[in-house]
Amino acid sequence: MSQQLQSTDHIWHPFTQMKTADAPIQIVRAKDCALHALDGKIYIDAISSWWVNIHGHANEYIASAIAQQAQTLEQVIFAGFTHQPAIDLSKTLIRLLPSGFSKVFFSDDGSTSVEVAIKMAFQYWHNQGSTHKTKLIAFENAYHGDTFGAMSAGGRSTFNAAFQQQLFEVFHIPLPTKDNIEAVSAQFKKIAEQDTVAAFIFEPLVQGAAGMQMYEAAHLDKLIGLAKEHNILCIADEVMTGFGRTGTVFAIEQLEQSPDIICLSKGITGGFLPLGVTVSTQKIYDAFYADDVTKTFFHGHSYTANPLACAAANASMHLLQQESCKDQIRFIGLQHQSFAKNIALHPMVKSTRQTGTILAIELQTGEAGSYFNSIRQHAYRFYIDQGVLLRPLGNVVYIMPPYCITAAELQRVYDVIALSLDFLQQSGTTTA
Ligand SMILES: Cc1ncc(COP(=O)(O)O)c(C=O)c1O
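**Q** Account for the overall build of the protein, naming residues and giving values.
**A** Assigned secondary structure in the protein consists of 13 helices and 16 strands. Relative to a compact globule of 432 residues, whose C-alpha radius of gyration would be 22 Å, the protein shows 22 Å and is just as compact. A separation threshold of at least 6 residues defines the contact pool for the protein, and within that pool the share at least 24 residues apart is 72%.

**Q** Which residues make up the sheet that holds strand β16 (residues 396-399), and what values go with them?
**A** Taken in spatial order, the 3 strands line up as β13-β14-β16 in an open sheet, and their pairing is antiparallel. Pairing within the sheet leaves two strands with one partner each, and these edge strands are β13 (349-355) and β16. Mean inter-strand twist for the sheet, computed between neighbouring axes without regard to direction, equals 15°. As paired strands, β13 and strand β14 (residues 358-363) are joined by 6 bridges and run antiparallel to one another. Bridge pairing in β14 links threonine 355 to isoleucine 358. Set on the sheet, helix α11 (residues 323-343) makes contact with β13 and β14; between it and β13 the angle comes to about 170°.

**Q** Help me get a handle on the sheet that holds strand β7 (residues 197-202), residues and values and all.
**A** The 7 strands are arranged β4-β12-β11-β10-β7-β5-β6 in an open sheet whose pairing can be described as mixed. The open sheet has two edge strands, β4 (101-107) and β6 (170-173), and neither has a second partner. Mean inter-strand twist for the sheet, computed between neighbouring axes without regard to direction, equals 20°. One ladder, built from 6 bridges, connects β4 with strand β12 (residues 276-281); its direction is antiparallel. Looking at β12, one finds that lysine 103 is bridged to serine 280.

**Q** Requested: an account of the site of the ligand, with residues and values cited.
**A** The immediate surroundings of the ligand are formed by 14 residues, with Asp109, Gly110, Ser111, Gly145 and Val239 found nearest. Of the residues forming the shell around the ligand, the biggest block, 3 residues, is contributed by helix α5 (residues 110-127). Residues that form the shell around the ligand fall into these classes: 5 nonpolar, 6 polar and 3 charged.

**Q** How would you explain the nonpolar core if you had to name every residue and give the values?
**A** One finds Ala121, Leu136, Ala199, Ile235, Ala312 and Tyr398 to be the most contacted residues of the largest nonpolar core, which totals 118 residues. Taken together, domain 1 (7-59 + 323-426) and domain 2 (63-320) each give at least three residues to this core, which thus spans both.

**Q** Outline the pairing of strand β1 (residues 27-31), listing residues and values.
**A** Note: β1 against strand β2 (residues 34-37), 4 bridges, orientation antiparallel. Residue arginine 29 lies in a different strand from β2, and its bridge partner there is histidine 36. Between β1 and β2, which follow one another and run antiparallel, lie 2 residues, and aspartate 32 among them has a positive phi close to 55°.

**Q** Explain the pairing of strand β5 (residues 135-139) to me, and be specific about the residues and the numbers.
**A** Most of β5 sits inside the fold, with 4 of its 5 residues counted as buried. Pairing of β5 with β7, which is carried by 3 bridges, proceeds in the parallel orientation. Its bridge partner being in β7, isoleucine 137 is matched across the sheet by phenylalanine 200. One ladder, built from 4 bridges, connects β5 with β6; its direction is parallel. Across the sheet, leucine 136 pairs through a bridge with valine 170, a residue of β6.

**Q** Which residues make up the domain arrangement of the protein, and what values do they have?
**A** Examined at the domain level, the protein breaks down into domain 1 (7-59 + 323-426) and domain 2 (63-320). For domain 1 versus domain 2, the distance between C-alpha centres works out to 26 Å. At the level of elements, α2 (48-51), α11, β13, β14 and β16 are the ones that each hand at least two residues to the side of domain 1 that touches domain 2. Counted by class, the side of domain 1 that touches domain 2 contains 12 nonpolar, 11 polar and 1 charged residues.

**Q** Help me get a handle on α11, residues and values and all.
**A** Since there are 3.6 residues in each turn of an α-helix, residues three or four apart along the chain are aligned in direction. Its 21 residues place the ends of α11 31 Å apart at the C-alpha level, agreeing with the 30 Å of an ideal helix rising 1.5 Å per residue. If you check which residues of α11 are buried, you get Gln328, Ile329, Ile332, Gln335, His336 and Phe339. When α11 is viewed along its axis, its buried side chains cluster within an angular range of 135° and face the same direction. Exposed and oriented more than 90 degrees from the buried face of α11 are Glu323, Asp327, Arg330, Leu334, Ser338 and Lys341. Where α11 is buried, its residues meet β13, β14 and α13 (407-426).

**Q** A description of the packing of helix α3 (residues 60-70) against helix α10 (residues 307-320) should follow, citing residues and the corresponding values.
**A** Running from amino to carboxyl end, α3 crosses α10 at an angle of 150°, the nearest separation of the two axes being 8 Å. Relative to α10, the element α3 lies roughly antiparallel. For the crossing formed where α3 meets α10, the hand is right-handed. Residues Tyr61, Ile62, Ala65, Ile66, Gln69 and Ala70 of α3 form the contact with α10, whose participating residues are Pro307, Leu308, Ala311, Ala312, Asn314, Ala315, Ser316 and Leu319. Here the residues of the contact of α3 with α10 are counted per class, giving 11 nonpolar, 3 polar and no charged.

**Q** Mind laying out unusual backbone geometry, listing which residues take part and the relevant values?
**A** The phi dihedral of phenylalanine 15 is positive, around 50°, even though this residue is not glycine. Mapped onto the elements of the fold, phenylalanine 15 is located in the loop between α1 (7-10) and β1. Positive phi, normally seen in glycine, also occurs at alanine 58, with a value near 50°. With respect to the helices, strands and loops of the structure, alanine 58 is situated in the loop between α2 and α3. Overall, the presence of 15 C-beta atoms within 10 Å leaves alanine 58 in the partly exposed class.

Reading the values: rules and limits
Residues numbered from 1 in each chain as written. Predicted model: local features only at pLDDT ≥ 70, side-chain atom pairs only at ≥ 80, totals over all residues. Helix = DSSP H or I, 4+ residues; strand = E, 2+ residues; numbered from the N terminus. Rg over C-alpha atoms; globule rule 2.2 N^0.38 Å. Contact = placed C-beta atoms within 7 Å. Pairing = 2+ DSSP bridges. Axes fitted to C-alpha atoms, helices over the stretch in contact; angles between N-to-C directions. Near = placed C-beta within 6 Å. Nonpolar A, V, L, I, M, F, W, Y, C, P; charged D, E, K, R; others polar. Core = buried A, V, L, I, M, F, W, Y, C linked by C-beta atoms within 7 Å. Buried ≥ 20, exposed ≤ 12 C-beta atoms within 10 Å, placed from the backbone. Domains from an automatic or database assignment. Expected span 1.5 Å × (residues − 1). Arc of directions from axis to C-beta. Parallel < 35°, antiparallel > 145°, perpendicular 65-115°, else oblique. Left-handed = near helix turned anticlockwise from the far one by under 90°.

What follows is the structure, given as structure tokens:
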């Protein structure tokens, strides 16, 4: 009899303390919002599997686009060569994005799309002789990914404490609120006047990993305006917010100002294959366009613009533009609103916030609201027991469902969250 290997025999899982973590749940197949486990249990994926599966799992349209592409052209070097799926995707993205964007640079995932954006911004100034512009402005608690540039831009925390010495200097400013916007603007201006800043990078409207922290478009507009006045490039990291999440295709559509560079990934392929893109304006591109070879953007990955990933993205973009998908995005937003109202007065609920299809519920807790809050583990296990995949960020429970979620499934997610509030209250997880 062959011995059954456990997942953890040879696999080191991400963001997981392998010594204390529960055994990972083995999923054998999935369809739409349902994850089917090896033991027969079914889970509703209420967070789109780390925010990527915008059209649900095993979508047939995307699957057949990939299958067709796999039999035609699976991969080709993207320096000196090109292919139709990449050409089609670049055209669609430029059409979908607000006006002003012009060139699409391909990479592998969210972190690399940010890495590319930061390098583009630094080299933009370098190519023009402004070698003193080497710093970034970013928000406190920002999350832009796990590679070194992306970590540097991110807020300093336990997650990157081991790498403090290796991270480059970034000016971190508080997320603007109506109470601090004047102070934050003054701080921004003071930093900007030093003339050392290459770019301001931000997650527009919602800081995802920070606990779905939401802030006003008008406040971001004000800071972008200041950046522009001081010759600072603006990078919108829409890796999480892109492709319908905030109610519009891109969160930046809700701004008056327009950034110079945008980073996209996650939902771009509907969760089928990894792909990142960094889209720039013509102004950025022109700073690299020269007879002088040293002005080249020397960056690329082996799988840059992989045709299978591009085919998946083309199919995902097609689905996103269907009226039925837009209706679903509106439906989820409305359902979230009424659920938030229903639970607002529960003693376990500190506050709720919502942007488009994202609903965040901040739980009352005696402990500081951080990722390591013990309430998180209690809540996570409760949801898993109930057959719902929700992965609280500290004391913030959030829902970010695939757009194809049915009314019944969404109701089940709400019911389980409502149950969890009573459970957490009764089990006394509020006390520190
Ligand atoms: C805003 C933002 N940027 C970048 C990333 C990194 O993306 P990836 O995990 O694909 O590298 C994430 C991931 O959650 C994110 O939320």
